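Fold and geometry: a report
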Amino acid sequence: MKKVPFVTKEQVEEIVKTYPTPFHIYDEKGIRENARRMKEAFSWNKGFREYFAVKATPNPYIMKILQEEGCGVDCSSLTELMLSEACGFQGSDIMFSSNVTPAEEYIKAKELGAYINLDDITHIDFLNDVAGIPETICCRFNPGGVFKMGTDIMDNPGDAKYGMTKEQLIEAFQRLKELGAKRFGIHSFLASNTVTNEYYPTLAGILFSLAVEVKEKTGVELAFINLSGGIGIPYTPDKEPNDIVVIGNGVREQFEKIMVPNGLSDVAIFTELGRFMLGPYGGLVVKAIHEKHIYKEYIGVDACAVNLMRPAMYGAYHHITVLGKEDAPCDHTYDVTGSLCENNDKFAIDRKLPKIDMGDYLFIHDAGAHGFAMGYNYNGKLKSAELLLKEDGSVQMIRRAETPKDYFATFDFSDILKNMKW
Ligand SMILES: *Cc1c(COP(=O)(O)O)cnc(C)c1O
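Residues numbered from 1 in each chain as written. Predicted model: local features only at pLDDT ≥ 70, side-chain atom pairs only at ≥ 80, totals over all residues. Heavy atoms only, no water.

**Remarks on the overall build of the chain**
For the record, the criterion: Secondary structure elements are defined from DSSP: runs of H or I of at least 4 residues count as helices, runs of E of at least 2 residues count as strands, and each element is numbered from the N terminus. As a reference, a globule follows 2.2 Å times the number of residues to the power 0.38, and the radius of gyration itself is taken over C-alpha atoms. Only protein chains enter the accessibility calculation, which uses a 1.4 Å probe; a residue is then buried when its area is under 20% of its type maximum, exposed when over 50%, and partly exposed in between. Only heavy atoms enter the contact rule, under which two residues are in contact if any of them lie within 4.5 Å. We get accessible surface area from the Shrake-Rupley algorithm with a probe of 1.4 Å; when it comes to residues, only the shown protein chains can shield them. The convention is simple: Lys and Arg are positive, Asp and Glu are negative, and His and the chain ends are not counted. Note on charges: their place is set at NZ of Lys, CZ of Arg, CG of Asp or CD of Glu.
If you tally the helices and strands in the chain, you get twelve helices and 19 strands. Relative to the compact-globule value of 22 Å for 422 residues, the chain shows a C-alpha radius of gyration of 23 Å, a close match. A principal-axis box enclosing the C-alpha atoms of the chain has dimensions of 70 × 55 × 45 Å. By the burial criterion, 53% of the 422 residues in the chain qualify as buried. For the chain, the proportion of contacts with a sequence separation of at least 24, taken over those separated by at least 6, is 69%. Split by element, the accessible area of the chain, about 19000 Å² in all, is 50% carbon and sulfur. Charge separation in the chain, taken as the distance between the mean sites of 46 positive and 59 negative side-chain charges, equals 2 Å.

**Comments concerning the nonpolar core**
The test is simple: By nonpolar core we mean a set of buried residues, namely Ala, Val, Leu, Ile, Met, Phe, Trp, Tyr and Cys, connected to one another through side-chain atoms within 4.5 Å. Where each domain begins and ends is defined by an automated method or by a domain database.
Ranked by size, the top nonpolar core spans 83 residues in total, and within it Phe 42, Leu 118, Ile 186, Ile 225 and Met 277 carry the most contacts. Sorting elements by how many residues they give to this core places helix α8 (residues 199-218) first, with ten residues. Here this core spans two domains, since at least three of its residues come from each of domain 1 (27-279) and domain 2 (280-411). With near-sequence residues (within four places) excluded, Ile 186 lies in contact with Cys 138, Cys 139, Phe 141, Phe 173, Leu 207, Leu 210, Ala 211, Val 214, Leu 222, Phe 224, Ile 225 and Asn 226. Ranked by size, the runner-up nonpolar core spans 18 residues in total, among them Ile 320, Val 322, Leu 353 and Ile 364.

**Looking at the pairing of strand β9 (residues 183-187)**
Looking along a regular strand, one sees side chains alternate from face to face of the sheet. Threshold: For two strands to pair, DSSP has to find at least two bridges joining them.
Of all five residues that make up β9, four are buried, and the element is covered over most of its length. As paired elements, strand β6 (residues 136-140) and β9 share five bridges and run parallel to each other. When the bridges of β9 are listed, Cys 138 appears paired with Gly 185. Pairing geometry for β9 and strand β10 (residues 221-226), over five bridges, is parallel. Its bridge partner lying in β10, Phe 184 is registered against Leu 222.

**What about the packing of helix α2 (residues 28-41) against helix α9 (residues 244-259)?**
Relative placement of two packed helices is described by the angle separating their axes and the distance separating the axes. Our working rule: Under this scheme, a helix contributes an axis fitted over its contacting stretch, all axes are lines through C-alpha atoms, and angles between N-to-C directions fall in the 0 to 180 degree range. An angle below 35 degrees is read as roughly parallel, one above 145 as roughly antiparallel, one from 65 to 115 as roughly perpendicular, and any other as oblique. Each helix crossing is assigned a hand: it is left-handed if the near helix lies turned anticlockwise from the far helix by less than a right angle, otherwise right-handed if that turn is clockwise. Note on residue classes: Ala, Val, Leu, Ile, Met, Phe, Trp, Tyr, Cys and Pro are nonpolar, Asp, Glu, Lys and Arg are charged, and everything else, Gly too, is polar.
Between α2 and α9, whose axes approach to 8 Å, the crossing angle comes to 25°. What the angle tells us is that α2 and α9 run roughly parallel. Handedness of the α2/α9 crossing: right-handed. Where α2 abuts α9, its residues Arg 37, Met 38 and Ala 41 lie against Ile 244, Val 245 and Gly 248. Here the residues of the contact of α2 with α9 are counted per class, giving four nonpolar, one polar and one charged.

**Focus: the environment of Lys 108**
For Lys 108, the position within the fold is in helix α5 (residues 103-112). Between the alpha carbons of Lys 108 and Ser 77 there is a distance of 9.6 Å; along the sequence they are 31 residues apart. Beyond its immediate sequence surroundings of up to four residues, Lys 108 is in contact with Leu 78, Leu 81, Met 82 and Glu 85.

**Quick word on the packing of α2 against helix α3 (residues 60-68)**
Interhelical geometry of α2 versus α3 gives an angle of 35° and a closest axis separation of 10 Å. The way α2 lies across α3 gives a crossing that is right-handed. On α3, the residues that touch Glu 28, Ile 31, Arg 32 and Ala 35 of α2 are Ile 62, Ile 65, Leu 66 and Glu 68. Here the residues of the contact of α2 with α3 are counted per class, giving five nonpolar, no polar and three charged.

**Brief notes about α8**
Helical geometry note: an α-helix holds 3.6 residues per turn, so side chains three or four residues apart project in the same direction. For the record, the criterion: What a helix should span is 1.5 Å times the count of its residues minus one.
Helix length check: α8 (20 residues) gives 28 Å between terminal C-alpha atoms against 28 Å at 1.5 Å per residue, within 8%. Judged by how many residues are buried, α8 sits mostly within the fold: 14 of 20 residues are covered. The positive-phi residue at the C-terminal boundary of α8 is Gly 219, with phi of around 70°.

**A closer look at the side chain of Asp 335**
Rules: Counted as a polar contact is a pair of N or O atoms within 3.5 Å, where, for protein atoms, one must be capable of donating a hydrogen and the other of accepting one, and residues adjacent in sequence contribute only when both atoms are in side chains.
Within the secondary structure, Asp 335 is located in strand β15 (residues 332-337). Within the local environment of Asp 335, its side chain forms a polar contact with the backbone nitrogen of Asp 350, the two atoms lying 2.7 Å apart. Residue contacts for Asp 335: discarding those within four places in its chain leaves Lys 296, Glu 297, Tyr 298, Ile 299, Lys 346, Ala 348, Ile 349 and Asp 350.

**Here we look at helix α7 (residues 166-178)**
What counts is decided by this rule: It is the directions from the helix axis to the C-beta atoms that the arc portrays.
With 13 residues, α7 should cover 18 Å at 1.5 Å per step; its first-to-last C-alpha distance of 19 Å lies within 8% of that length. The complete set of buried residues in α7 reads Leu 169, Ile 170, Ala 172, Phe 173 and Leu 176. With its buried residues spanning 155° around the axis, α7 presents them on a single face. The exposed residues of α7 that point more than 90 degrees off its buried face are Glu 167 and Glu 178. For α7, the secondary structure elements touched by its buried residues are β5 (115-118), α6 (123-130), β6, β9, α8 and β10.

This is how it looks when you write it as structure tokens:
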């Protein structure tokens, strides 16, 4: 599928008059339409709800849009809980799927009435001591081994730090029941960025069978099954996007096959998607500011891994469109680099692109999830603004760019920088 940016060169030339590059920009229309498709695909399940994984795009304006579309939020830290609370999420709007959880985070989650998802059996006593056991509680399952679909190895749960074994999960439910819990959830996250319509149905099959076993062995009331995150997006143009309607139907088939005959037809399905909800609907817009011809051809841009870390961190592919040259032949080969003193600070390596001229704007695709959010400040580089392309075509700043003052703010206790020239 040819990747088409949701902004044109003309739009960007207009935007930079107010907000200079680099910036992240999000497409409100795309976000809303996708969220509606998601909701519709699971509308067969009475209690269905998507809990947007806040860590993917922790911006209150984005969270508000998803709230308007009926989503809850999935948090895993104190600040994510605080942000969600400030946006008006409360109680059952919040899923708290943390691990290695500090006491203060459990206390906050309990105070907000969030659904708490326990990563480990040892957290039962910990939670009981610091905050008490809520009436509804969830446990995270890790089946161990390798997770295969057909002959494809998808991921390696046996090596993952998350979740509990089946025996522990059953024991945990019994113990939680003794401590007063009344309603239960089961959660599992087995593979990330899956670009196949089979992942969720396969996972659902595993969790639904587990639910039947848990019900038989413990007699607890099951409230929900949380399929968590993991539905991916096609970062490369050769891949087909997932079809959420097919995925929803696949989960429904498993539900009707396993849950309904076992008296579990009232159990709600929850999801905790991040990438699928936001990934394609955000882009990083950068400007070509240097070119360099040594052993390879380099294009230097005004952003760096601080603004989008996935290529440097995972070698991840992010498609690039040179705005205004959408239909030009890709007859040049470039490394597109940032300015960090780190040789892995490259948005693209040996990428076929049209000839790039200084001042060209590049649209780096699929940066809407795990993009801005992973940013850091290495080399003293500052994080960019985030903008929202609204449905009416106007542009709203939804986070300002960092300034040096933000970078030095953690020295505000001290006089040592009092001669700083701003
Ligand atoms: C990161 C994460 C998600 C979201 O994952 P995506 O791949 O963005 O869908 C959901 N749940 C938990 C517990 C996570 O850690």
